[in-house]
Amino acid sequence: MKRVISFLLALVLLLSVNVVNAQEIEEGKTYLLEEEVKDNNVSYSFAKGVLTVKGTGVADKSYIEICKKKEIKKLVIQSGITAIADDAFSGCKNMASVEIPKTVVSIGHRAFQEDGLTSLTIPKSVKNIGYVPFRYNNKLKKVTMPGTFQYVIPEDYDHANRALFGEGVQEIHLNTAFEKKMMGFYLADKIYLAKGDKKYKSVQGVIYTKNRKTLIMVPYSTKELKIRKGCTTVNVSAIAYSYNPEDGYIPYCEKLKQVTIPASVKKIVNDLDYFTDLSVFYKTKFVVKSKKLTGSSIENLFQFVSEKTKNQMLSSSKFGIQKKNQMYISRDKDLLGYVGNATTVTIPKNIKRIGNNAFSGKKLKSVKIPKKVSSIGEYAFYGCKNLKKVTWNKKVKTVGDWAFAQTKIETLKLPASVKSWGENCFTDCTVKKLQFPKTMKRIPERMFSGLNIKKLVIPGTVQAIGPFAFAQCRAKTVVFNEGVKTIGKRAFDETVKMTSVVIPKSVETIEDGAFQETEIETLSLKNPKVKIGKDAFYFVKEFVLDTNPENYFTFGNFQSHDEKGNFNILVVKVKNASGLEIECSTNKDFSNAKTFTVENKTQEVELKTGMGNEVYSRIRPYTNVNGQKVYGQWRVIG
């Protein structure tokens, strides 16, 4: 019995260390080693430049008690060690090699940063890797590592460069399956895949699909790319990939001097789901041997080449492009571009697609979409300052980003046939009348930002309004019909002319900042159980709520606070309420809370809690009914 108890105590002690168990790894849970490691069963020994780590637990900085970092030439981590802590061996500039055992499952932030490593093997067992653990290892040339792992990047860390390694790595060899989502984290000349990879194949260090017919990834440091003969499809993301597209920094293969596209290539596919400026490739020489490229493929190639190269391609008979009435048309009836200056243009009846930038900036006053057109590309009519009328056909299915942005369209009746609308389709348009089709269930992100419409009516058939959908609009009146369920993040951000808004009972969710930076005088909410995001109504001056005082609620937003617990909070008036009550506590359950009562009006109030900087706060209205206080719902102050 004593042995059993001792074993259980030892097991509990081991699990108390900051080490993830196998089940957590399989579930993909984030594992960080930022906290100080305690109760660690790890020992260190140092002799003749070799630091040896052994035991069961986390390798951390404790070794500096027996040696200096600059004295370490080799690191040996023995089997049993399960993790390597944050910054554990960073700054060991003379450490040329390290042995990591198969028992290690996690490597912490910056664990080997600024070391002298020349080669590195990370075993398959490692499931979690912290932020830039091997950056500034300028001598590192060859790396063997997993292709599948959880890269742990805290939100408040530098996002400018998240690559695992610095430039200079010549080869990366993966010992588990490659994942496309990890593309942006590798910087190398060549990448070689595991033999058992079922999806992808490495050819001379460049990654293709298993059948070698689709180009998937070109290593970052590539200077000359010769796409293999037999490849039929090239993904744009193979050259312009990203680890964090929202930050706008894309680690292009910007060292490319020349790209050779063989005769076998038929398609160049724009598979990017984020915007990026590909002008970095304008100086790259593209040698195009293929004569089979589709119109959309030529469009996608145009994103990479200079205007001079583009014009040369348009005028070359090699690509099967015809010029008719100042319009360039591909062999598969893609209208690639218009070079005339007419205000009226007749688009040929056999056109199937209007390409990217086809009429961008032209003097068109009206346009009729031919019957066979099923797709309109990005920026197709962007900046046509005189374009007032668009006659749609019944077959258009997709409309690209910014397709009709900055035009003078006044009446917009959206066709029911369109299944996919791009972002910013009608940004900064002078639309006076807008009609949605019954088939539209969701208004896409940024579709109508900056719209000049005065009265906006959202029909009940539209269930969701996407993020920034009507941001910076000039609408004075916005009507939400019963049926709308979701108002997205910052959907009406900076729509400053609205004075009164009624949110129907059907609305279940109002996301962060939905009406941020507006000047709404009164906001009526018909659903007392609606979920409301942070700063959704930051400048609303009065809430009009359910007639039952028990369903009243309001919001507070921190304006400033100090370490002593003095807070300035912006609170919002609730129509018909008698006052507002605020509770502050150092506990999440608001035990031992201090209560403050403030006047029911939109104002900035000062609270002196004396509780220090870590305080939980919440607010609710109360109403005097027959001499008694009836309290509304609590809402946490954000």
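What this report covers is the structure whose coordinates are included nearby.

Calculation notes
Residues numbered from 1 in each chain as written. Predicted model: local features only at pLDDT ≥ 70, side-chain atom pairs only at ≥ 80, totals over all residues. Heavy atoms only, no water. Helix = DSSP H or I, 4+ residues; strand = E, 2+ residues; numbered from the N terminus. Buried < 20%, exposed > 50% of the residue type's maximum accessible area, 1.4 Å probe, protein only. Contact = heavy atoms within 4.5 Å. Areas by Shrake-Rupley, 256 points an atom, 1.4 Å probe, with all protein chains shown as cover. Lys, Arg positive; Asp, Glu negative; His and termini not counted. Charge placed at Lys NZ, Arg CZ, Asp CG, Glu CD. Disulfide = S-S within 2.5 Å. Pairing = 2+ DSSP bridges. Axes fitted to C-alpha atoms, helices over the stretch in contact; angles between N-to-C directions. Patch = residues over 30% accessible without salt bridge, like charges linked within 9 Å, V, L, I, M, F, W, Y side chains within 5 Å. Salt bridge = Lys/Arg side-chain N within 4 Å of Asp/Glu carboxyl O. Core = buried A, V, L, I, M, F, W, Y, C linked by side-chain atoms within 4.5 Å. Phe/Tyr/Trp six-rings, centres within 6.5 Å; stacked < 30°, edge-to-face > 60°. Lys NZ or Arg CZ within 6 Å of the ring centre and 35° of its normal. Parallel < 35°, antiparallel > 145°, perpendicular 65-115°, else oblique. Left-handed = near helix turned anticlockwise from the far one by under 90°. Nonpolar A, V, L, I, M, F, W, Y, C, P; charged D, E, K, R; others polar.

1. Some remarks on the overall build of the protein chain
Piece 1. Regarding its fold elements, the protein chain presents four helices and 50 strands.
Piece 2. Reported as C-alpha extents along the three principal axes, the dimensions of the protein chain are approximately 90 × 85 × 40 Å.
Piece 3. Burial status across the protein chain gives 52% buried among its 638 residues.
Piece 4. Considering only intrachain contacts with a sequence separation of at least 6, the fraction spanning at least 24 residues in the protein chain is 39%.
Piece 5. Total accessible area on the protein chain is roughly 31200 Å²; 47% of this is exposed by carbon and sulfur atoms.
Piece 6. Taking the 101 positively charged and 62 negatively charged side chains of the protein chain as two groups, their mean positions are separated by 13 Å.

2. Re unusual backbone geometry
Piece 1. In this structure, Arg212 takes a positive phi of about 65° despite not being glycine.
Piece 2. With respect to the secondary-structure elements, Arg212 resides in the loop between strand E14 (206–209) and strand E15 (214–217).
Piece 3. When its relative accessible area of 35% is taken as the criterion, Arg212 is described as partly exposed.
Piece 4. For Lys333, which is not a glycine, the phi torsion comes out positive at approximately 65°.
Piece 5. Classification of Lys333 as partly exposed rests on a relative accessible area of 27%.

3. Looking at the state of the cysteines
Piece 1. For the structure shown, the criterion picks out zero disulfides.
Piece 2. Cys473 forms no disulfide, and the closest cysteine sulfur to it belongs to Cys429, at a distance of 10 Å.

4. Considering the sheet that holds strand E39 (residues 522–525)
Piece 1. Read across the open sheet, the four strands follow the order E37-E39-E41-E44; overall the sheet is parallel. The strands lining the two open edges of the sheet, one partner per strand, are strand E37 (500–503) and strand E44 (573–574).
Piece 2. Here E37 runs beside E39; their pairing, made up of four bridges, is parallel. Pairing of Ser500 across the sheet is with Thr522, part of E39.

5. Quick look at the sheet that holds strand E11 (residues 171–174)
Piece 1. Taken in spatial order, the four strands line up as E7-E9-E11-E12 in an open sheet, and their pairing is parallel. Lying at the two open borders of the sheet, with one neighbouring strand each, are strand E7 (119–121) and strand E12 (190–192). Neighbour-to-neighbour, the strand axes of this sheet turn through a mean angle of 10°, independent of strand direction.

6. Overview of the side chain of Ser617
Piece 1. Within the fold, Ser617 resides in strand E48 (residues 616–625).
Piece 2. Relative accessible area serves as the criterion here: at 4%, Ser617 is assigned to the buried category.
Piece 3. Once residues lying within four places of it in the same chain are set aside, the contact partners of Ser617 are Phe558, Glu583, Cys584, Phe590, Val636 and Ile637.

7. So, a negative patch on the surface
Piece 1. A cluster of like negative charges, contributed by Asp562, Glu563, Glu604 and Glu606, occupies part of the molecular surface.
Piece 2. Within the element layout of this structure, Glu606 appears in strand E47 (residues 603–608).

8. Topic: helix H3 (residues 295–302)
Piece 1. The buried fraction of H3 amounts to seven of the eight residues, a majority that puts the element mostly inside the structure.
Piece 2. Within H3, the full set of buried residues consists of Gly295, Ser297, Ile298, Glu299, Asn300, Leu301 and Phe302.
Piece 3. Contacts from the buried residues of H3 go to strand E18 (258–261), strand E19 (267–269), strand E20 (285–288), helix H4 (307–315), strand E23 (334–338) and strand E24 (353–354).

9. A word on the nonpolar core
Piece 1. The biggest cluster of nonpolar side chains holds 97 residues, and the ones touching the most others in it are Phe89, Phe112 and Tyr186.
Piece 2. Considering each element in turn, this core owes the most residues, four residues, to strand E2 (residues 50–59).
Piece 3. Residue contacts for Phe89: discarding those within four places in its chain leaves Leu51, Val53, Ala59, Asp60, Tyr63, Leu75, Ile77, Ile84, Met95, Ala111, Phe112 and Asp115.

10. Some points on a positive patch on the surface
Piece 1. Together, Lys365, Lys385, Lys388, Lys408, Lys432, Lys454, Arg474, Lys476 and Lys497 give the surface a local cluster of positive charge.
Piece 2. Position of Lys385 among the secondary structure elements: in the loop between strand E26 (375–376) and strand E27 (389–391).
Piece 3. Of the residues examined, Lys385 reaches a relative accessible area of 47% and is grouped as partly exposed.

11. Some details on the packing of aromatic side chains
Piece 1. Scanning the model with the defined rule gives 36 aromatic pairs in all.
Piece 2. Where Phe112 meets Phe134, the ring centres are 5.6 Å apart and the plane angle is 10°; that geometry is what we call stacked. A residue pair is termed long-range when its members are at least 10 positions apart, and Phe112 in the loop between strand E6 (106–107) and E7 and Phe134 in the loop between strand E8 (128–129) and strand E9 (142–145) qualify at 22 residues.
Piece 3. Here Phe436 and Phe448 contribute two aromatic rings whose centre-to-centre distance is 5.9 Å and whose plane-to-plane angle is 85°, an arrangement assigned as edge-to-face. With Phe436 in the loop between strand E31 (433–435) and strand E32 (442–443) and Phe448 in the loop between E32 and strand E33 (455–458), this pair connects stretches of sequence that are 12 residues apart.
Piece 4. Residue Phe448 is classed as buried on the basis of its relative accessible area, which comes to 0%.
Piece 5. If you follow Arg618 out to its NZ or CZ, it ends over the ring of Trp634, 4.2 Å from the centre.

12. Quick word on the packing of H3 against H4
Piece 1. Taken N-terminus to C-terminus, the directions of H3 and H4 make an angle of 160°; their axes are 10 Å apart at the nearest point. As judged from the angle between their axes, H3 and H4 are roughly antiparallel. In the crossing of H3 with H4, the sense of the turn from one axis to the other is right-handed. Where H3 approaches H4, its residues Ile298, Leu301 and Phe302 are matched on the opposing element by Lys310, Met313 and Leu314.
Piece 2. When the residues that make up the contact of H3 with H4 are grouped by side-chain class, the tally is five nonpolar, no polar and one charged.

13. A word on the environment of Ala85
Piece 1. Residue placement: Ala85 occurs in the loop between strand E4 (81–84) and strand E5 (97–99).
Piece 2. Residues Ala85 and Lys285, 200 residues apart in the sequence, show an inter-C-alpha distance of 46 Å.

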